[in-house]
Structure formats: structure tokens, C-alpha cells
Amino acid sequence: MKNNILNIKNSIHSNRRWALIAAYSSLIIFVIFFLFPPYYMLITSLKTNKEIAEMASNPWIIEQGITLKHYVYLFTETPFLTFFKNTIIVTVCVVIITMVISVLAAYSLSRLKFWGSGVLATGIFLTYLVPETLLFIPLFKIVGWLGLLNSYWVLVLVYPTLSVPFCTWLMIGYFSSIPKEIDEAALIDGANHMQMLWKVFIPVAMPGLIAATIFAFTVSWAGFLYPLAFIYSESEMVLTVGTVTTLIKGDVFNWGSLMSGALLAAAPPVIIYAFLMDYYIAGLTSGATKG
Amino acid sequence: MKKNNLHRRKFIKGLSATSGYVIAAPYVKTSHSAGRLLLGLWDHWIPGANDVLENIIVAWGEKNGVEIKVDFITSIGNKLLLTAQAESRAKTGHDIFSQPTWYCSMFRHRLEPLDDVVEDIISKHGPLLDSAKFYAHLDGHWRGSPAPTGSFFDSMVSRFDLFKEHAGIDLQTLFPANENRDANLINNWNWDTFLLASEKLYKAGKPFGATIGATPDSRWLSALFTSYGAELVNKNGEITVDSDEVRQVLEYMSKLTEFMPKSIYAWDDSSNNRWIISGQGSAIFNPASAWAVAKRDNPEIANKLWHHDVPRGPKGRYRPDNSQFWGLWDFAENKSAAKDLLRYMAEPNVIDACIKASQGYDIPLIISHFNKNKTWEEASPPDGVLYNYPMKGDEIPVAVGYPAPPEIASQITTQYVIANLTARVTAKGHSFKKAISWAENELEGVMRR
Amino acid sequence: MKCSSLYLWLRQKPRIAFFMCLPLILMVVCLIIYPFIYSIFLSMLNKAETKFVGIGNYLFLFKRETFWLVVQQSIFFALVAVFFKALIGFIAAHSINAIPSKGQRKWRGMLLIPWVIPPALSTLGWWWLFEPTYSAINWFLVKISLPAIPWLSETFWARFSIILVNVWVGAPFFLIMYLAALKSIPADLYEAASIDGANYRQKLYYITLPMMKNIISITILFSIIVTFANFDIVRVLTRGGPIDTTHLFATYAFRVGIESGDIPLGAAVSLFMFPILGTLAFIILRSVRKRAMEV
């Protein structure tokens, strides 16, 4: 008997060791694959124009001296900071709007039935089937009629169409998995639906909320086609479109600045996610939800 | 709810209020008795060219009591096209809008006829290039007026040192930076002698490169086709791709591509610039931008570049055309002021200033203007590098798809039928018959109304 | 408590539900359904937009060789790319879950980066990595005596490149979703299984996969839909070339619609996949919701 238990313990232990080795090896491979392009972009952003254009130089390291010229150019000669500010405003607004719409809708679709709610819950997903490259044409008309053309507020209006469906679906999933006994307990205590939502559901489904926020943030931060179609003044542009249109002129690409712009554009989401993901994972492991 | 005819005023206000990118010069708002004009113009890639243009327009506006607002819209990511598509359908936006190459044809239903303007320009300044008429004179009316910037024509840009050393051709003597051209020598500069030169340059490791991909720079193929008399669709709208001339060109291309890098099928518009600036290439087709960037990034190479004529084919010497026009949307409010501005834009001093600001990149559509301007003579180093960039000899600029009717030619252009046809033979190794029957299928598709 | 009849009427469940859903419904109707119906209408006009031709545009597309090429390519692209994204995401999620929790954070952070850089910009970086003259990858290959690869100019490699970049951008999304799902599987289930003598593979089949079924199907469905509609990556890297061999629906629609001024035809191309994908989505989502409602 003792031998058996020892055997099992040993095999669990060696299993775990293999698992660790396998885990770390695959992680290292993935990290190399995922990170070599940003690494390359970083190196290029610190090289002089001359070195970038030179055929013989090693593209993976900096040989002729680091220069911050491209970053300086970005901040002083282009409206990069304006783009940054605009993008932040747009993204924050879009995230808030998305979360409000999705949470309310998800609560009602998962808990309160009304005619057509089943269809709506499934159907909102289909909104992703119509591509932006087609939608922008009728949207231009609507946006023009509202007088929002060439203003970044147009993005606050249209970006939620990209984030709300998925976030709603996500929240429906989380809300559905909250046991109905909690509802009944709260109702007995005299809570109305809004209170139940606010005091019970949201705290319990916090990981889902954070996931939805991350998604909405990413979609809004990275949007390209809609700002390309609706905005033409540089003072209203967002990061993605602004960087590309200011730094690529005709057939001339300012690679150094482009790469530095791309990296700076990626920095805020990375920082925010690093922060949020901890709460997200913490919320999950506290055992609040089941599959 | 805003009424349609009010919201444009409101968003103009919004634009003025929020747009801070307008150039500094403190223009005092004079009385705008003659109304407002909104211009959506192509964003010139040469630094400073936009400012010069905007100052000219605003100064005109001051003098004539018109309030001006200019937005420069880039063509990167097709932004200019997207905006034009959206504005023309939503019937709201700018008044005057840039119309490069085939836009006039694409938007002809929404563009105000400009016959009075263009005829005034022609009677005052002389004729326009023929290709301009091909692009902009549609259904009996002029739909576009010549733009002061943005028209260019791809010349050949070559390393004269490599041509001399490996191919035995002295480009600087052949196309000198002065009036003394030797007609015999130039007559000998045809596609056959070019093929021989390409072979030698390829063997020396410095080939000629030009794109055969789905990108606007592939218009050089069209000039080649036209110089052989090869027409995909003739001027009556009949599909004539199955012809001896087309086969002749495909034959020629099969040979030429053996001496070109294999990556040309994926080249985009800037690849050929990089190709020659890196020193790997000996010749490309391009406007003056390659040389301008070489000056910045690789002055050694810039010093050895020379712009010159395209080789001659059996049916003539043709150059790829990229003309630009300004159009007036028919939903614009201030048409009379717009037309006055369009006339003003054809004045010699305006054009001269624009050419100078573009450092010679732009070539005006009004023949008399580019014959008189000195910018190309003075560009250097090396001296005379741009002298032959504008058409000095017997080259005729030709639009892609010529001589098909404009609606069809525009489709041939935007769907890159010529490039795809050529690539099928030279890259995929299809037989002429197979490639031509593919082209016929494509062209049938293009014919639809 | 007020007892007016209006108040009571409003307090009924369906009414509250409806009002809570109202912002969503409004947004969907105004900004999605109306433009969508308009697009369908648009796809049924002739080129000059002067008369109604019903399904004429669609029939026209069926006769075009290039169109069928696009259909084939899109399906192949979507299936292959999603497969690899799901696989990499799954393995990465498992790997992260397997290492001690203190170290997990930095691996998570690093692996998230491709998804976080705006694709419009990261694709430019990739393009520069593939560029025929300056490719840094080719430089490396040549250094280790391998031939330079024509990443974008030969059909096979061009297709490889767009799938590669799409997988690079999308795999982190799968990673997050799967990791979240993995974390919510109670650890005692695994421990009980270990005591019962289950090995790694058995645990995977009998515990992990069933509990993650919903998340797996939803993420894959979502990714298929989004990958089909992919525009940015192909647009920047190959623009559909060489010789139309990397065209997807969105890029081909852009070429024949926007660039050639035939918006109705472009609309027809864009909407072509809708019925098929829509049905697929409906079926999968229905079964997912049924499972969720059973909790």
C-alpha cells in the first residue's frame, strides 16, 4: 500500500517535471515567434536613416550608433501627441459606452425574457459578418447628416458597433453562469433589478467585465478603416491613421519614425493590460464562476 | 434634426473650429461677400509643396472676397478615393476635389461640366496634352480642369555610369541637358536595343527593374503595349486582346523578364525607388521622387542618376501618364467662385510657383507651361539630371487602357488587367493562348454597365 | 412605494428587460441594420446605380474566374489561420497555466504583445521584414547559407506570409480566452483525477476539453468570421497579388468596388459569404446558448 502511494507521488512528481519542461520550451518558442517583429521594429526605430537604407548592415543590431532622432521627430515635427490625445479620448468614451450598453443588454437578455430576446442574443453576433469596408459607405451618409464628419466624435459613435456585440455575448455567458439562487435571495431581500445588477452581478462577473473592457479597448485603439474614411484633418486623427498618413508620403516611407510611432502606439495598451490582467485572473481563481 | 442645407454650414464651422493644422499666416477675415469654398486636394508628398499651394489659393480668396478652406487628403491607403466615393454618394463635403487620372470618369455623374472653364484656359494658354482630353473630356463635356500640381509622367531613371560601363550606352550624350539632340541616335533607342542593354546589365549583376504587379506603377507596361500598337480594347469598345501585336509584346516581355529580378511581381509603388537607391538596380521607370530621396539617403547614387526618354516601339514612343485634375462636385454651393478659381489656377505664375515648390516633380498639363519653366534645367546634382524628365522629344504621354473608351479604360487601369496578363505569361508560364483567353474573360467583366 | 399603474406596468419584467436592452437595440438598428439593408439594396443595383437588377450582380460574379479563385482562397485562408491560432493559443494557455503562478504574469504579458500593437502598424513592420530588397529575415537566411525567400512575390510564399501574419496577430486572443476558461476549471477536478491514476492525455480529454467546449466553439466561430473579413493584412502585404492569388473577399471587393467605381459589385462580393457564415454562426451559437442555459 505504501509503495503504491509512493509510486503515485513519484509519478505525479515526474509528470509535473515533464509538464514544466514542456511548458517552458513551448513558451520560449512562442515568445521568440511573437516578439521578434517588435524587437526588429525597436531596433529600426533607433537606427539612423542612413543605416536603415544601407544594404550591407545587419538589420538585427544597431551598428552605427543609436539615435533618438526618430522619436524626437515624431514628437516635434508631427502631430503625434495630438493623435495620442485624440485616441485616448475616443477609446475611453467607447469603452464606457460599450460597457454600459453591453452590461445592460446582457443582464436583460440572460435573466429577463421578452419577446425576441433569444433571437437578439444570437443575432447580435451576425453584425460581424458585414465588413467595415462595406458599412462605411452608408455610414458616411448618416455621419454626414449628423454633422460629425471630420471629427473624432464620429469614432465614438461608430466604434461601439465593433465592440458591443462581442462584449454583450461575453457578458451573457458570464451572467448566465451565476446561479439563480442568488437572484432569488436578493429578490427576497427586496432588491429591484438595477440593484441586483449593480450589487450582485457585476462584482461576481468581474473577470468577464474586465475581459470585455480589454476587448473594447483593443478594438477601439486599433481602428483604422473608419478613421481613414471619415476624418481628414490631422488635428482630428487618431494614432493608427495619423501615423501612417503623416509618415508615408507618396512613395517615401520614413521607416525610422514609422517604427517608433508603431511602438509608442502599442505602449499604453500593453501597460494597461498588464495591470488589468492581474485583476482578471485573480477574479477567476477566486472561484466565482464555473464553466 | 438638422436640415440638409443647414448641416453643411454647421460642419464647416465645426471644421474651422477644430482644425488647427491650417498654415500659420495670420489671414484676417475679410468680408466674404462672394461666399465660401472648400477644397479637398491631393496631399503632395514633397515637403512644403502643400503650403505653397494653399497660400496661393488663400491669397486669391482674399483678393476676391471668398473664404477658403483647404484640406489636404493623402492618397495613402486610398484615402483620397475613399473620401471621394463617400462624398459623391452622400452629396456632402467639399466643393472642389482632386481628380487624379480616372476619377473624372468614375465620378462623372457627380461632376459639374467645366467646358467654359477649360475652353477659356485653352484659348488663353494654349492646348493641353492629348491624354488630358482622354481622361477628362467625357460624354462631350469637360469634367475636370487641369490641376496645378500632381500630374507626372514616368520617365526612365537610370545609372548612366552602369549603362556606359556594361552596356556601352552613354545616356548623357544620347539625352543631353540641352537642345542638341541627335535624331539618329535617339531613333536607335528602341525596345530592342534596350533588351540588349538589359541583358548586359543583368549579367553584370545590376538589372533593370519595373513592377509587374497590381499597383499603379505598372503603367509602364501600358506604354509598352501602346508603342507596339497592342490594344486590349479598341476605340470602339471591342475586345481586341487576341491580336498579333499583343502576342508580339508578350513575346518581348518573356524575353525582357529573364533579365529582371523575380521580385517584381510583388513590388509596390515604392519598391523601384528602393531598388535603385540601394545601388542594386541600373534603371527604373519613375517620376523625380527616386532621385529626390536618393539625394537624402544615398547621395553617391543620386550623383549618377539620369532621367531620360522611354525606348521607342514600332508604333511610336509613349510615356506612362498620371495626370491630375480638379473637379467640381455638382452639389457644391459656390460654383461661380469655384470656376473663377479654376481659371486662376492655370495662370503661368501660379504654375511656375507650384513646379518650383514640387522641385520639378510635377509636370503641368498645359503644354506651353512646361516648355517655359526652368526648374528642370537647374536641378542638380548631377547637372542636368532632370532636364529630360519632362517630355522633350517625341514621347507621347498615354493613359493606361488607351485607346479604349474611358469607362472601359478606367476599369482596365484599376483592375490591372495588363499587369496580370503579362504576369500570367512571364511568371506563371501560361501559353499566350491561355493568358489571352483569361484576359478576354476579364475584359468581358469590365464591359458591364 | 408608489403604486401608480404606470409604475407597476413598467416594473414588469419584460418591460424592464426591454428598456435595458434599448440602447443595444437602437445602436444595432441605426448603425448596423440600416446600413446592412442599404448594402443589400446596393448590391442589387447595376453599375451605374440607375436600375434594380436583383441578383444579377451575384450571377455575374459566378461567371468570373477570379471570383472563384477568391472564394477558394478565402476558405483556405480562414480555416488554416484559425486552426493555427487555436492550436497555438491552446498550447500557450496550457503552458502558462502549468508554470507556477508567480512567473505567469510576465509570460502572459510578453505573449499578448502581437495582439496589442495596432494591426495597421504591425503589418507595416512585417511588410518591411518581407520586403524584397531589405528583408531582415532574408538577410538572416542568407547569413546561415539558406536561399532568400521571395516572401511576397511567389504565390506559395505570399499565401504563407499572410497566414503567418494573421496567426501572429490573432493567436494571443485565443490565448486569453483559453487561459480564462482554463483558470475557471476547479483544480480539485484534476487532483481527483490524478489520484484515480489518470494520465495527462486522459485529463485533457475528459476534463479540460469538455469544460472548455463553449469557449472553444465561440472563439473559433468568432475568429472564422473575423478572419474571413480580413482586410488590413492582405491589403498592406500583397494587395491581393501576386496575380490575384492572395485576394480575400474584402480585398477583392475593395478592388472591384471602391477602386474601380463599381460599388454594387463590391457590395455583392462583400455580402457573398453572409448566408453561409450566418447559418454556421446561428447553429453554433444556438447550441452554446442551450448549454449555457442548462446551468
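Draft legend 1. View of the overall build of chain C. Helix and strand counts for chain C stand at 14 helices and zero strands. Its helices and strands in sequence order give chain C the pattern α-α-α-α-α-α-α-α-α-α-α-α-α-α, from N to C terminus. For chain C, the C-alpha radius of gyration of 24 Å lies well beyond 19 Å, the compact-globule estimate for 295 residues. Looking at the 295 residues of chain C, the share that counts as buried comes to 49%.

Draft legend 2. Geometry of the sheet that holds strand 11 (residues 318-322) of chain B. All names here are of chain B. A sheet is described by the order of its strands in space; here three strands give the open sequence 7-11-13, paired in mixed fashion. On the outer flanks of this sheet lie strand 7 (152-153) and strand 13 (396-398), each paired with one strand and no other. Relative to strand 11, strand 7 runs antiparallel, the two being bridged by two bridges. Directly across from Phe153, in strand 11, lies its bridge partner Asp321. In the packing of helix 11 (residues 219-227) onto the sheet, contacts are made with strand 11 and strand 13, and the angle to strand 11 comes to roughly 140 degrees.

Draft legend 3. Spotlight on the environment of Trp198(A). Among the structural elements, Trp198(A) can be located in helix 10 (residues 193-204). In this structure, the C-alpha to C-alpha distance between Trp198(A) and Phe34(A), residues 164 residues apart in sequence, is 39 Å.

Draft legend 4. How the structure looks around the pairing of strand 3 (residues 96-100) of chain B. All names here are of chain B. The element strand 3 is extensively covered by neighbouring structure, given that five of its five residues are classed as buried. Along strand 3, one buried face is formed by Ile96, Ser98 and Pro100 and the opposite face, lined by Phe97 and Gln99, is buried too. Alignment of strand 1 (residues 36-42) against strand 3, held across two bridges, turns out to be parallel. Bridged to Leu39 within strand 3 is Ile96. Two elements, strand 3 and strand 12 (residues 324-328), share five bridges in a ladder whose sense is antiparallel.

Draft legend 5. Main features of the interface of chain A and chain B. With 28 residues of chain A at the interface, the matching set in chain B holds 33 residues. Tallying contributions element by element places helix 6 (residues 132-145) of chain A first for the side of chain A that touches chain B, with five residues. Its residues placed into classes, the side of chain A that touches chain B shows 13 nonpolar, nine polar and six charged.

Draft legend 6. The arrangement of the sheet that holds strand 6 (residues 145-146) of chain B in detail. Residues and elements named next belong to chain B. Here five strands make up an open sheet; going across it, the order is 2-1-3-12-6 and the pairing mixed. The open sheet has two edge strands, strand 2 (67-73) and strand 6, and neither has a second partner. As judged from the seven bridges shared by strand 1 and strand 2, these two strands associate in the parallel manner. Across the sheet, the residue bridging to Leu37 is Ile68, located in strand 2. Sitting on the sheet, helix 2 (residues 49-64) is in contact with strand 1 and strand 2, with an inclination near 160 degrees to strand 2.

Draft legend 7. Just the interface of chain C and chain A, in detail. Facing 80 residues of chain C, the contacting portion of chain A comprises 82 residues. The biggest single contributor to the side of chain C that touches chain A is helix 2 (residues 13-43) of chain C, with 17 residues. Among the residues forming the side of chain C that touches chain A, the class breakdown is 64 nonpolar, nine polar and seven charged.

Draft legend 8. The arrangement of the nonpolar core in detail. One finds Met171(A), Ala262(A), Ile412(B), Ile418(B), Tyr178(C), Leu237(C) and Phe249(C) to be the most contacted residues of the largest nonpolar core, which totals 328 residues. Not counting the four nearest positions on each side in its chain, Phe249(C) is found in contact with Val70(C), Ser74(C), Phe228(C), Val269(C), Ser270(C), Phe272(C) and Met273(C).

Draft legend 9. Layout of the pairing of strand 12 of chain B. Residues and elements named next belong to chain B. Of all five residues in strand 12, five are buried, a share of seventy percent or more. Residues Gln324, Trp326 and Leu328 line one face of strand 12 and the alternating positions Phe325 and Gly327 line the opposite face, and both faces are buried. Strand direction decides the pairing type here: strand 6 and strand 12, joined by two bridges, are antiparallel. Of the residues in strand 12, the one forming a bridge with Pro146 is Phe325.

Draft legend 10. Representation of the environment of Phe432(B) within the structure. All names here are of chain B. Checked against the element boundaries, Phe432 lands in helix 22 (residues 432-446). Look at Phe432 and you get partly exposed, because 16 C-beta atoms sit within 10 Å. Between the alpha carbons of Phe432 and Leu421 there is a distance of 9.2 Å; along the sequence they are 11 residues apart. Discounting chain neighbours no more than four positions away, the residues touching Phe432 are Arg247, Leu250 and Val425.

Draft legend 11. The arrangement of the domain arrangement of chain A in detail. Residue and element names in this part refer to chain A. Domain assignment breaks chain A into domain 1 (2-53) and domain 2 (69-285). Look at where the C-alpha atoms of domain 1 and domain 2 centre, and you get two points 31 Å apart. Between domain 1 and domain 2, the contact holds seven residues from the first and seven residues from the second. Elements represented by at least two residues in the side of domain 1 that touches domain 2 include exactly helix 1 (2-45) and helix 2 (49-53). When residues in the side of domain 1 that touches domain 2 are grouped by element, the largest group, four residues, is from helix 1. Per-class residue counts for the side of domain 1 that touches domain 2 are three nonpolar, three polar and one charged.

What counts and how
- Residues numbered from 1 in each chain as written.
- Chains lettered and ligands numbered in written order.
- Predicted model: local features only at pLDDT ≥ 70, side-chain atom pairs only at ≥ 80, totals over all residues.
- Helix = DSSP H or I, 4+ residues; strand = E, 2+ residues; numbered from the N terminus.
- Rg over C-alpha atoms; globule rule 2.2 N^0.38 Å.
- Buried ≥ 20, exposed ≤ 12 C-beta atoms within 10 Å, placed from the backbone.
- Pairing = 2+ DSSP bridges.
- Contact = placed C-beta atoms within 7 Å.
- Axes fitted to C-alpha atoms, helices over the stretch in contact; angles between N-to-C directions.
- Nonpolar A, V, L, I, M, F, W, Y, C, P; charged D, E, K, R; others polar.
- Core = buried A, V, L, I, M, F, W, Y, C linked by C-beta atoms within 7 Å.
- Domains from an automatic or database assignment.

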